[in-house]
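Geometric and topological summary
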Amino acid sequence: MPIHEQNLIRPENIITNEELEIDGIDVSGHWSTFIESRVVTDYNEDIEDEVAALPGGEYINRCWQCGSCTNSCTVNAVNPDFNPRFWIYLVRMGMESELLRDKDIIWQCVSCNKCTYSCPRDVNPEGVMKALSHWLELKGHTPKSPSMHFDEEFADQVFSTGKIEEGRVIRGFFQRTGQPLIQDWLVELVKRLIRHMPVKLLMTMGLANFVRPRTRDWGRAQAAIEEYVLERDAANRKALGLDAAGDH
Amino acid sequence: MTKPILIVGGGPAGLSAAQALSAAGQRAILVEKEQQLGGAPILSGYAKLVPTGEWAKDAIGGMVSRVEGSDTVDVRTNLTVTNFEGGPGNFIAKLSDDTTVDASAAILCTGFTHFDSVNKPEWGFGTFPDVVTTTQVEQMMSSGQGVRCPSDGRKPKRVAILLCVGSRDRQIGREWCSKICCTVSSNIAMEIREEIPDCHVYIYYMDIRTFGLYEDLYYWRSQEEFKVKYIKARIAEVTSNGDRLIVKGEDTLVKRPITIPFDMVVHAIGMDPNIDNIMIASTFGVQLQKHGHIQHADTYGGIARTSREGVFVAGAATGPETIDDSIAQAQGAALAALSVSGGLSVAAE
């Protein structure tokens, strides 16, 4: 049966059942197409508090929906579905399912901060976008992006030794992202390194892979950093009602 | 000795006019139809006033006692004016107890009437006990009882305030903005959040008109410090699922219908013209404007004028008005009345 103005209905809300009987009446097939309700039946008051508890999200409750952020947005100019104003509203009213529809583009914010400077209420929309991406990830709605894996590997090495060692970063990154260590471009890179690099530097690099040099007297700095990172992470997880165990 | 000036109505405007005349040494007769002075803030039991935050019983109550204690103000409660004859400097007013008083001028401070929410039956007032008006919430707060659901006395967990109830609505012949309800509602929302921190307050609006300096003090502050939520939706109907109230409408920002459960729904009721305005207009021979408020004549050339010379007007009698502006207008009206009574030269001597 044709549906008038079908473009107003989301495809996933149009439901046809192969075999269905309701109150003794056969409603199978496309003659009995159902349209799922779009009605918002409740507000979830927790989501705003959760996003507001993450760094950057503190001022989300100031928003009055003027749209200055979206109007000034770099990403919105490329992708009209990227709409910070709308997401801020969904977070504030707790419309979670609506919000999750856009989970794969929310993290695309490029942090240009044009919204930050156009917002009349100082909501700090760029911070909200960061907090929201973080929220999606902590809640398990979005997987870690490759860049997040890289950041974590990089940071973990700095935290433990005060230094990074490129070879280890690459190995760790490959491991986290499930990539094989032997890759054509990497083999070629290593070959050329061996051919052109001074022997002494090569030896230093090779050695570093086994002895893991540390910054002198790193211990106290490491302890302080680790304490802070764990504390922040625990606070974030607690605000979201998650158990204490974090990644770091 | 000049003849006294007649003040009709003992609310903020009438009290302010009486205070001003008293300060000028001019005799006044203050006629009030109710038993006590104070007008809506006292008679309807308002809580904390905008913008001072003072309790109505202290702020307006203070005006009442100053007027009652004045030697130059003759307060007549429980009375109305039934006839008003003569001209500037020589009016004769007949009161409902058949006494007559001479007056050199009159100031109408006859105020307004709260909109009666039963005229919007789709919003549930009178049908569901937990649908109340802003005036009732003011009373809950000023009585010290606190904001509670009338049905069972519980603390609400979620409150909806509907704006523009009895305002900006051609369907019920009210084409004006009542001016104060946005600010009053944001004030009430903050009071509720303060009293019951785990109660969420939602305000459903078409436009927010917390004009002038109320913008940041009320609208912004309610969002920033008290996390009150504002939703652009004119509610279609308020029903019940037998347990809680159900508010239905369209959330215009997400273009989706909403049916949200609430414990309490508050109507931000507007300001109607005084229900007696037709009588008042005919008694004093003044014209009403098209909505039924007392018409201002000559905005730029004179002060507080009506269509009848020697009869002045101030406050919400002319249309929706704030308490502080009513007070200021009445001071202007007192000055205008003094100029008719000859009281200005008396005060100068």
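Residues numbered from 1 in each chain as written. Chains lettered and ligands numbered in written order. Predicted model: local features only at pLDDT ≥ 70, side-chain atom pairs only at ≥ 80, totals over all residues.

1. Concerning the overall build of chain B
So the rule is basically this: Where helices and strands are cited, they refer to DSSP runs of H or I of at least four residues and of E of at least two residues respectively, numbered from the N terminus. Note on method: radius of gyration uses C-alpha positions; expected globular size equals 2.2 Å times residues raised to 0.38. Put simply, a residue is buried when 20 or more other C-beta atoms lie within 10 Å of its own C-beta and exposed when 12 or fewer do; between those, it is partly exposed, and each C-beta is set from the backbone. What counts as a contact here is a pair of residues whose C-beta atoms, placed from the backbone, lie within 7 Å.
Each helix and strand counted, chain B has 9 helices and 18 strands in total. Relative to its length of 349 residues, chain B is compact, with a C-alpha radius of gyration of 22 Å against a globular reference of 20 Å. Each principal axis of the C-alpha distribution contributes one length, and for chain B these read about 65 × 35 × 35 Å. Taking all 349 residues of chain B together, the buried fraction comes to 50%. Taking the contacts inside chain B whose residues are at least 6 apart along the sequence as the reference set, 66% of them involve residues at least 24 apart.

2. Observations concerning unusual backbone geometry
Cis geometry marks the peptide bond from B:Val50 to B:Pro51, where omega comes out at 0 degrees. Counting through the fold element by element, B:Pro51 comes out in the loop between α2 (39-43) and α3 (56-68). Phi at A:Asn124 takes a positive value of approximately 60 degrees, unusual for a residue other than glycine. You can see A:Asn124 is positioned in the loop between α7 (114-118) and α8 (125-138).

3. Side note on the nonpolar core
Among soluble globular proteins, nonpolar side chains are generally buried collectively. What counts, and what does not: The nonpolar core is taken to be a set of buried Ala, Val, Leu, Ile, Met, Phe, Trp, Tyr and Cys residues joined by way of C-beta atoms within 7 Å.
Membership of the largest hydrophobic core comes to 132 residues, with the highest contact counts inside it found for B:Ala17, B:Ala106, B:Ile107 and B:Leu108. Dropping the residues within four chain positions of it, B:Ala106 is found in contact with B:Leu6, B:Val8, B:Phe84, B:Phe91, B:Phe284, B:Gly310, B:Val311 and B:Phe312.

4. What about the environment of B:Lys290?
Residues and elements named next belong to chain B. Within the secondary structure, lysine 290 is located in the loop between α7 (277-284) and β18 (311-313). With 8 C-beta atoms packed within 10 Å, lysine 290 lands in the exposed category. C-alpha of lysine 290 to C-alpha of threonine 77: the two residues are 213 residues apart in sequence and 30 Å apart in space.

5. Quick look at the sheet that holds strand β9 (residues 131-133) of chain B
Residue and element names in this part refer to chain B. Which entries qualify depends on this criterion: Any two strands between which DSSP finds at least two bridges are classified as paired. All axes are obtained by fitting lines to C-alpha atoms, using only the stretch in contact for helices, and the reported angles, taken between N-to-C directions, cover 0 to 180 degrees.
Strand order in the open sheet formed by 5 strands is β9-β16-β10-β11-β12, and the pairing between neighbours is parallel. Two strands close off the open sheet at either side, each with one partner strand: β9 and β12 (229-232). The mean angle between the axes of side-by-side strands here comes to 25 degrees, regardless of whether they run parallel or antiparallel.

6. Digging into the sheet that holds strand β7 (residues 105-108) of chain B
Residues and elements named next belong to chain B. What the 5 strands build is an open sheet, ordered β3-β2-β1-β7-β18; its pairing is parallel. On the outer flanks of this sheet lie β3 (73-76) and β18, each paired with one strand and no other. Each strand axis lies, on average, 20 degrees off the axis of its neighbour in the sheet, ignoring direction. As paired elements, strand β2 (residues 28-31) and β3 share 4 bridges and run parallel to each other. Counted as the bridge partner of isoleucine 29 is aspartate 74 from β3. Contacts between helix α8 (residues 323-341) and the sheet are confined to β1 (5-8), β7 and β18, with β7 contributing the most and set at about 165 degrees to the helix.

7. Considerations on the interface of chain A and chain B
As a reminder, the rule being used: Asp, Glu, Lys and Arg are counted as charged, while Ala, Val, Leu, Ile, Met, Phe, Trp, Tyr, Cys and Pro are counted as nonpolar; the rest, among them Gly, fall into the polar class.
The interface of chain A with chain B comprises 15 residues on the first partner and 15 residues on the second. Considered class by class, the residues forming the side of chain A that touches chain B number 6 nonpolar, 3 polar and 6 charged.

8. Structural notes on the domain arrangement of chain B
Residues and elements named next belong to chain B. Our working rule: Annotation comment: domain bounds sourced from an automatic or database domain assignment.
Domains assigned within chain B are domain 1 (5-111 + 274-348) and domain 2 (117-271). Placing the centre of domain 1 and that of domain 2 at their C-alpha centroids yields a distance of 32 Å. Each partner contributes to the interface: domain 1 provides 14 residues, whereas domain 2 provides 18 residues. Taken together, the residues of the side of domain 1 that touches domain 2 sort by class into 8 nonpolar, 5 polar and 1 charged.

9. Examining α3(B)
Residue and element names in this part refer to chain B. Rule in force here: Between the first and last residue of a helix there are one fewer steps than residues, each counted as 1.5 Å, and that sum is the expected span.
Across its 13 residues, α3 extends 17 Å between first and last C-alpha, which sits within 8% of the 18 Å expected from 1.5 Å per residue. For α3, every residue scored as buried is listed here: Ala56, Ile60, Met63, Val64 and Val67. Elements that come into contact with the buried residues of α3 comprise α1 (12-23), β2, α2, β3 and α4 (134-142).

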